[in-house]
Amino acid sequence: MSTRPWTPRDIRSDFPILDQMIGDRPLVYLDSAATSQKPRSVIEAMARFYERDNANVHRAVHTLAGRATEAYERAREALRRFIGARSASEIVFTRSTTGSLNLVAQAYARMRLRPGDEIVLTPLEHHANLLPWQRAARETGARLVYIEPTDDLRITEEAIDRAISPRTKIVALAHVSNVTGGVAPIAHAARRAHDVGAAIVVDAAQSAPHMPLDVQALDVDFLAFSAHKMLGPTGIGVLYAKHEHLLAMEPYEVGGEMIERVTLMEATWAAPPWKFEAGTPPIAEAVGWHAALDYLGALGMERVEAHVMRLTALAVEALSEEPGVTVYGPREGRHAVVTFNIGRIHAHDVSTVLDAEGIAVRAGHHCAQPLMTQLCIPAAVRASFYLYNDEEDVARLVEGVRRVKEFFGDVFGESVS
Ligand code: 7TS
């Protein structure tokens, strides 16, 4: 797709929510890793759908039902293109990354795992890519094995090689960590997993928004991500799965829209992907997501990635040099997030002062409690960047951090400066 030159300032006006004051300060939105803001084209595509085309999909033959079904299936095709899947039948709509990962764990892994089998993970996983595996392990007698990160929380090829063994049946990894912004070597992990006959499941919630993805080049078995972190609406996600897996898997939810034939005693299933989409799916959300993919496609994912990485590097550098600030994770090669603490000031207090400066950041355990425990911290502050942020936003963050230190200086004295 041909892309147009752009700067964050050009595209800011496409995001109505960004044009507002928080108190007397202009909003600086640095929480896109939690959820991104939406351009007008996405909001309007969903409104247009409800105003003109709304109907249920795959059920009726009337004109509106035809339009709704077509729009829903066009969104599936747009997602196929976006991640380079072989066929649209490999794209299953779910409610989120969380929904997708639970689907793989329950409908694929649980039937195949035996006592003594191993599931390989990292201690950096978001709870969405941890709890489904804990449950699958508990239910089957399989064991969880953790890849050991480096001291600066990177996942290396060597550490992956050490964790994978002939007992490995599943390797489940975040592509980009939502705490460190580090990138895992997925293609390498996929090769090693396949060498021992295991399947690889990739949590792409934090990579799909700002990185070109190619599931065939990565050769992954499953890949999950959500619309809402990539300019699309909440309530919809995707599970990409190789067709052979979807054919072999039993559905997780059963009910309307996923059947071929039903009698009083039994039922047969529709072909993938529909066999995994029981009930009325998020139709307007699929339409909105399609508009988000068009928006990203017009800007170019390579450019989005370069922009986001540059801002993150600037923020990491500036905050690392700020006395009293501890930045977690690798110094280089980070995507979109910078997680830090200031002295002994609790992350929630930091976030409250930043909010008074108009700066929205996330504070808490980031759904990665095991990692917080490993770092011996209860919580951290996280700023995350996207295509509508610029250098001025990084400068406002650094200014805000200095303001926090002034504010709490009297309380903590030496510890923060
Ligand atoms: N995996 C990763 C790596 C994530 O960052 C998130 C959400 C999820 C899975 C779950 O996605 P969902 O769409 O199903 O909720 N991460 C965050 C976050 O970092 N702050 O808020 C949500």
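These remarks concern the structure in this document. Note that the coordinates shown come from a computational prediction; the quantities given were computed from them, not determined experimentally. (Residues numbered from 1 in each chain as written. Predicted model: local features only at pLDDT ≥ 70, side-chain atom pairs only at ≥ 80, totals over all residues. Heavy atoms only, no water.)

Our next topic: the nonpolar core. Residues Ile 83, Leu 223, Phe 225, Trp 289 and Leu 387 are the most contacted members of the largest nonpolar core, which totals 77 residues. Element by element, the count of residues in this core is highest for helix H10 (residues 283-299), at 11 residues. In contact with Leu 223, not counting residues within four places along its chain, are Ile 83, Val 202, Ala 204, Leu 213, Val 215, Val 238, Leu 239 and Tyr 240. Formed by 29 residues, the second largest nonpolar core is a distinct cluster that contains Val 28, Val 325, Val 361 and Ala 383. (Core = buried A, V, L, I, M, F, W, Y, C linked by side-chain atoms within 4.5 Å. Buried < 20%, exposed > 50% of the residue type's maximum accessible area, 1.4 Å probe, protein only. Helix = DSSP H or I, 4+ residues; strand = E, 2+ residues; numbered from the N terminus. Contact = heavy atoms within 4.5 Å.)

Another point: the sheet that holds strand S9 (residues 222-226). Pairing is mixed across the open sheet formed by 7 strands, whose spatial order is S4-S10-S9-S8-S7-S5-S6. Sheet topology places strand S4 (91-94) and strand S6 (143-146) at the edges, where each strand pairs with a single neighbour. Each strand of the sheet is rotated relative to its neighbour by a mean of 20 degrees, with strand direction disregarded. Contacting S4, S9 and strand S10 (237-241), helix H3 (residues 63-83) crosses the sheet at an angle of about 120 degrees to S4. (Pairing = 2+ DSSP bridges. Axes fitted to C-alpha atoms, helices over the stretch in contact; angles between N-to-C directions.)

Pairing is antiparallel in the open sheet, where 4 strands are placed in the order S13-S14-S17-S16. Here the strands that pair on one side only, and so sit at the sheet edges, are strand S13 (325-328) and strand S16 (362-364). On average, each strand axis in the sheet is inclined to that of its neighbour by 30 degrees, with strand direction left out of account. For S16 and strand S17 (residues 380-384), the ladder comprises 3 bridges, and the chain directions are antiparallel. Each bridged residue has a counterpart across the sheet, and for Ala 363 the counterpart in S17 is Val 381. On the sheet, helix H11 (residues 301-320) packs against S13 and strand S14 (337-342) and is oriented at approximately 15 degrees with respect to S14. The strands that helix H12 (residues 347-356) touches are S14, S16 and S17; relative to S16, the one it contacts most, it runs at about 160 degrees.

Taken together, 16 residues sit near the ligand, with Thr 98, Asp 203, Ser 226, Arg 362 and Arg 382 positioned nearest. One nitrogen or oxygen atom from the side chain of Ser 96 is found 3.4 Å from an oxygen atom belonging to the ligand. At 2.4 Å from a nitrogen atom of the ligand is found a side-chain nitrogen or oxygen belonging to Arg 362. Here the ligand, which alone exposes 490 Å², has 89% of that area covered by the protein. For the shell around the ligand, the per-class residue count stands at 4 nonpolar, 8 polar and 4 charged. (Near = heavy atom within 4 Å. Polar contact = N/O pair within 3.5 Å; in protein donor to acceptor, adjacent residues only side chain to side chain. Areas by Shrake-Rupley, 256 points an atom, 1.4 Å probe, with all protein chains shown as cover. Nonpolar A, V, L, I, M, F, W, Y, C, P; charged D, E, K, R; others polar.)

Looking now at unusual backbone geometry. The omega angle of the peptide bond from Pro 272 to Pro 273 is 5 degrees, so this bond is cis rather than trans. Following the sequence through the fold, Pro 273 ends up in the loop between strand S12 (267-269) and H10. Unusually for a residue other than glycine, His 366 sits at a positive phi of about 60 degrees. Within the fold, His 366 resides in the loop between S16 and helix H13 (369-374).

Taken residue by residue, a regular strand's side chains alternate between the two faces of the sheet. Of all 5 residues in S9, 5 are buried, a share of seventy percent or more. Here S9 shows no split at all, with Phe 222, Ala 224 and Ser 226 on one side and Leu 223 and Phe 225 on the other all buried. Bridge count between strand S8 (residues 199-203) and S9: 3 bridges; the pairing is parallel. By the bridge assignment, Val 201 is partnered in S9 with Phe 222. Of the strand pairs in this sheet, S9 and S10 are connected by 5 bridges, and their pairing is antiparallel. For Phe 222, the partnering residue across the bridge sits in S10 and is Ala 241.

Looking now at the pattern of salt bridges. A complete count under the given rule lists 24 salt bridges for this structure. Between Asp 117 and Lys 169 there is a salt bridge whose closest N-O contact spans 3.8 Å. With Asp 117 in the loop between helix H4 (97-112) and strand S5 (118-121) and Lys 169 in strand S7 (residues 168-174), this residue pair connects regions lying 52 residues apart in the sequence. One salt-bridge network, held together by shared partners, links Arg 25, Glu 357, Arg 403 and Glu 406. (Salt bridge = Lys/Arg side-chain N within 4 Å of Asp/Glu carboxyl O.)

Another point: the packing of helix H2 (residues 40-53) against H3. Look at H2 against H3: their axes get within 10 Å of each other, and the N-to-C directions meet at 160 degrees. In this view, H2 runs roughly antiparallel relative to H3, as classed from their interaxial angle. Contact residues: H2 offers Phe 49, Arg 52 and Asp 53, while H3 offers Leu 64, Arg 67 and Ala 68. A per-class count over the contact of H2 with H3 returns 3 nonpolar, no polar and 3 charged. (Parallel < 35°, antiparallel > 145°, perpendicular 65-115°, else oblique.)

Time to look at the side chain of His 127. Within the secondary structure layout, His 127 lies in the loop between S5 and helix H5 (131-140). Within the local environment of His 127, its side chain forms a polar contact with the backbone nitrogen of Ala 368, the two atoms lying 3.4 Å apart. When sequence neighbours within four positions are dropped, the list of residues in contact with His 127 reads Pro 132, His 365, Cys 367, Ala 368, Gln 369 and Pro 370.

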